[in-house]
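# Observations on chain architecture
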Amino acid sequence: DVPYRLVYDLIFTDGRREETYWTGTIRRDPVDAARLSVGDVSCNIHEAFPNAPYVAQVAKLNPDLLAFTGDQFYESSGGFGVIRTPTDRAMVDYLRKWYLHGWTWRELTRDRPSVSLPDDHDVYQGNIWGESGAGKTTTQEAGGYDMPADWVNVVYRTQTAHHPDPYDPTPALRGTLQYYGPLTYGRVSFAVLADRQYKSGPEGKVPPTGGRGDHQTNPDFNPAVADIPGLSLLGAKQEEFLAKWVEDWKGADMKAVISQTIFTSFPTTHGREPMVLRADYDTNGWPQTARNRAVKIMRKAFAFHLAGDQHIPGLLHYGVDAHRDASVAFAGPAVNVGYPRWFEPSQAPWTKPKDDKITGDFFDSFGHPMTVLAVKNGAKQPRSGDVMQFLDDKASGFGLVHFDKQRQTIRVECWPFLADMTKPGTQMPGWPAEIKLLDNYGRKITGYLPTLNVTGVAKPVIHLFDDASGELVYALRAATASFRPHVFGPGRYRVR
């Protein structure tokens, strides 16, 4: 551990100067710790600013790393409204909101690392389909950024400049900065993704909705007609990064993806006046083909997925061709829930089976197999009067993920906003939950290759290739020097 001290002059309006200090610790990389804990933090509308009791509870859990997965504030944060023009004043308005984030979390970020992924409200939009950095030309749902590129770059620079260097620093359209790339900490390798920056806007591409360009309410809608060739989720270059990342295990025992939102269409019911949506193009269940490409790459590294955005906490197992044949994902709870959502499969015409269960095997609104392992719906009519109780009723809270590198397990914890996080039995129903590393590529195993007994290294990295195509099937670091590779079908395989 290395202590640091920041020294600066606080200048008063009367000209006085006062030397001021901020101190903290740069923690040593916990490479030899058995577990690495990561806080999953998102969607802070600051209704209970500065959330001091909540942050104090999080501090007791002592996470090793904080992942701020989006919406570090909202346009309304602070109660001052929003300034969009002129650009220089809009930048100051943004910095005021960013200051609220720093004020809230400073006692934790002063002595532990964090990553921060800007989402839609961070760039002053209700939703964002980034279209590779392009500017908005018509509606929000048609895609592009509403704010000027130099303003967007202030957001990206302040929130992500402390990250490791991006995979490809070449600016996107309009000179928009990049931040996606790799991060290895505590021998867990993370792929930090920008799942909003390259996503296609739906309006003008998918069949007309008859209303909002991103909300399809027709219960007879066939989602297959929206899976149009050429649409983007991560974009070609980011997919290239992800494919190289799954093969690179230098300094890593486990792998995980961090992005703004999960790669499935999870909530069924939306809004303060609840409505069932047949399809929501803001979710990353769409575009289907691009989503499936991303999920198929992720599972090759048995990568877990951390995200936020949903305003409803859920632990979900992705499927591509069958239930549970891909990664497990955690949509962490919002710090302060604003816009509410619920998972009510019995109310949604496309879900199966038709009963009141809210966990089990389902299909999401874009047709993807989706297994719900845990979920917490907020109250439809939260108690008003006490803002803290109001937020707790809406399923606000905190998520924590433990990567156990020795046991090769992932434990997911999820607390209500008002919980005493030090006491057992205070987590949301369904949590804590634990999965095995191999669950993140849960495709049906059809056979095994001969056992490998490796000498000269305690935990070898295993790459399994399809010999005919040369394609990587999967890669992982074995827990011991002995490993028996499993396969998903007959054929010839090459092991490295």
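Scroll up to find the structure this text is about.
Calculation rules
Residues numbered from 1 in each chain as written. Predicted model: local features only at pLDDT ≥ 70, side-chain atom pairs only at ≥ 80, totals over all residues. Heavy atoms only, no water. Pairing = 2+ DSSP bridges. Helix = DSSP H or I, 4+ residues; strand = E, 2+ residues; numbered from the N terminus. Axes fitted to C-alpha atoms, helices over the stretch in contact; angles between N-to-C directions. Buried < 20%, exposed > 50% of the residue type's maximum accessible area, 1.4 Å probe, protein only. Core = buried A, V, L, I, M, F, W, Y, C linked by side-chain atoms within 4.5 Å. Contact = heavy atoms within 4.5 Å. Parallel < 35°, antiparallel > 145°, perpendicular 65-115°, else oblique. Left-handed = near helix turned anticlockwise from the far one by under 90°. Expected span 1.5 Å × (residues − 1). Polar contact = N/O pair within 3.5 Å; in protein donor to acceptor, adjacent residues only side chain to side chain. Phe/Tyr/Trp six-rings, centres within 6.5 Å; stacked < 30°, edge-to-face > 60°. 1 Å grid on protein atoms, 1.4 Å probe; cavity = no way out; pocket = protein on both sides within 12 Å on 5 of 7 lines; lining within 4 Å. Points joined across faces, edges and corners; volume = space filled by probe spheres on them. Nonpolar A, V, L, I, M, F, W, Y, C, P; charged D, E, K, R; others polar. Disulfide = S-S within 2.5 Å. Salt bridge = Lys/Arg side-chain N within 4 Å of Asp/Glu carboxyl O.

Moving on: the sheet that holds strand β29 (residues 493–495). The sheet built from three strands is open, its strands ordered β26-β25-β29 with antiparallel pairing. Looking at strand neighbours, the two that pair on one side only are β26 (472–477) and β29, the edges of this open sheet. The sheet shows a mean angle of 15° between the axes of neighbouring strands, taken without regard to direction. Sheet analysis places strand β25 (residues 461–466) next to β26, joined by five bridges and oriented antiparallel. Paired with Ile-462 across the strands is Leu-476, a residue of β26.

This brings us to the sheet that holds strand β14 (residues 314–318). The eight strands are arranged β6-β7-β9-β13-β15-β14-β19-β18 in an open sheet whose pairing can be described as mixed. Either end of the sheet is taken by a strand with one partner, and the two such strands are β6 (181–185) and β18 (360–363). Averaged over all pairs of adjacent strands, the angle between strand axes in this sheet comes to 25°, irrespective of strand direction.

For a regular strand, side-chain orientation follows a simple rule: the groups alternate between the two sheet faces. Most of strand β19 (residues 369–375) is tucked away, with six of its seven residues classed as buried. Where β14 and β19 come together, five bridges link them in antiparallel fashion. For Tyr-318, the partnering residue across the bridge sits in β19 and is Met-370. Of the strand pairs in this sheet, β18 and β19 are connected by four bridges, and their pairing is antiparallel. From the neighbouring strand, Phe-363 faces β19, where its bridge partner is Pro-369.

Counting residues in hydrophobic clusters, the biggest one holds 98 residues, and the most contacted among them are Phe-190, Phe-304 and Phe-403. Phe-403 has contacts with Ala-34, Arg-35, Leu-36, Val-38, Val-188, Phe-190, Met-254, Ala-256, Phe-304, Leu-306, Thr-409 and Ile-410, leaving out every residue within four places of it along the chain. Formed by 18 residues, the second largest nonpolar core is a distinct cluster that contains Val-58, Val-335, Phe-398 and Phe-417.

Here we take up the environment of Glu-273. Relative to the elements of secondary structure, Glu-273 occurs in the loop between β10 (269–270) and β11 (275–276). Sequence separation between Glu-273 and Pro-340 is 67 residues, and the spatial gap between their C-alpha atoms is 9.3 Å.

Right, let's talk about the packing of helix α2 (residues 87–109) against helix α3 (residues 149–160) for a bit. At a minimum axis distance of 10 Å, the contact between α2 and α3 shows a crossing angle of 25°. Here α2 lies roughly parallel to α3, going by the angle between them. Between α2 and α3 lies a crossing of right-handed hand. Facing α2, whose interface residues are Thr-87, Ala-90, Met-91, Tyr-94, Leu-95 and Trp-98, α3 presents Asp-150, Trp-151, Val-154, Val-155, Thr-158 and Gln-159.

Between its terminal C-alpha atoms α3 stretches 16 Å, which fits the 16 Å expected from twelve residues at 1.5 Å a residue. With respect to burial, α3 is a largely interior element, nine of its twelve residues being buried. Burial in α3 covers these residues: Ala-149, Trp-151, Val-152, Asn-153, Val-154, Val-155, Tyr-156, Gln-159 and Thr-160. Residues of α3 that are buried make contact with α2 and β5 (114–116).

The subject of this paragraph is the side chain of Thr-269. Note on placement: Thr-269 falls in strand β10. Residue class for Thr-269 comes out buried when judged on its relative accessible area of 2%. Only 3.1 Å separates the side chain of Thr-269 from the side chain of Thr-268, close enough to count as a polar contact. Separated by 2.7 Å, the side chains of Thr-269 and Glu-344 make a polar contact. Apart from the residues lying within four places of it in its own chain, the contact partners of Thr-269 are Pro-274, Met-275, Val-276, Pro-340, Arg-341, Trp-342 and Glu-344.

On to the packing of aromatic side chains. In this structure the tally under the stated criterion is 27 aromatic pairs. An angle of 85° between the planes, with centres 6.0 Å apart, marks the rings of Tyr-99 and Trp-103 as edge-to-face. Placement of both Tyr-99 and Trp-103 in helix α2 is noted, with a separation of four residues, approximately one turn of the helix. A centroid spacing of 6.4 Å and a plane angle of 75° characterise the contact between Tyr-145 and Tyr-156, whose relative ring orientation is edge-to-face. Here Tyr-145, found in the loop between β5 and α3, pairs with Tyr-156, found in helix α3; they are eleven residues apart in sequence, far enough to count as distant.

This paragraph deals with the layout of surface pockets. In this structure, the largest pocket occupies an estimated 800 Å³ of space. Trp-22, Gly-102, Arg-106, Thr-109 and Arg-110 are the residues nearest the centre of the largest pocket, which is lined by 26 residues in total. If you list the elements that add at least two residues to the lining of the largest pocket, you get β1 (2–11), β2 (17–26), α2 and β5. Per element, the largest residue contribution to the lining of the largest pocket is eight residues, and it comes from α2. In terms of residue class, the lining of the largest pocket is built from 13 nonpolar, nine polar and four charged. Of the volumes computed, that of the second largest pocket is approximately 350 Å³. Around the second largest pocket sit 23 residues that line it, and His-121, Gly-126, Asn-127, Tyr-339 and Arg-341 are the ones nearest its centre. Along the lines of polarity and charge, the residues of the lining of the second largest pocket split into three nonpolar, nine polar and eleven charged.

What follows is about the state of the cysteines. For the structure shown, the criterion picks out zero disulfides. Note on Cys-43: no disulfide assigned, nearest cysteine sulfur contributed by Cys-414 at a separation of 13 Å.

What follows covers the environment of Pro-382. Within the secondary structure layout, Pro-382 lies in the loop between β19 and α6 (387–393). Each C-alpha atom of the pair Pro-382 and Asp-392 lies 8.4 Å from the other, and the pair is ten residues apart in sequence. With residues near it in sequence (within four places) discarded, Pro-382 still touches Phe-390, Asp-393 and Lys-394.

Counted under the stated rule, the structure contains 30 salt bridges. We note a salt bridge from Arg-496 to Glu-247, for which the minimum N-O separation is 3.8 Å. Here Glu-247 lies in helix α4 (residues 236–247) and Arg-496 lies in the segment after β29, a separation of 249 residues in the sequence. A salt bridge links Arg-407 to Asp-404; the nearest nitrogen and oxygen atoms lie 3.7 Å apart. In the salt-bridge network here, residues are joined through shared partners; they are Asp-119, Arg-196, Asp-282 and Asp-309.

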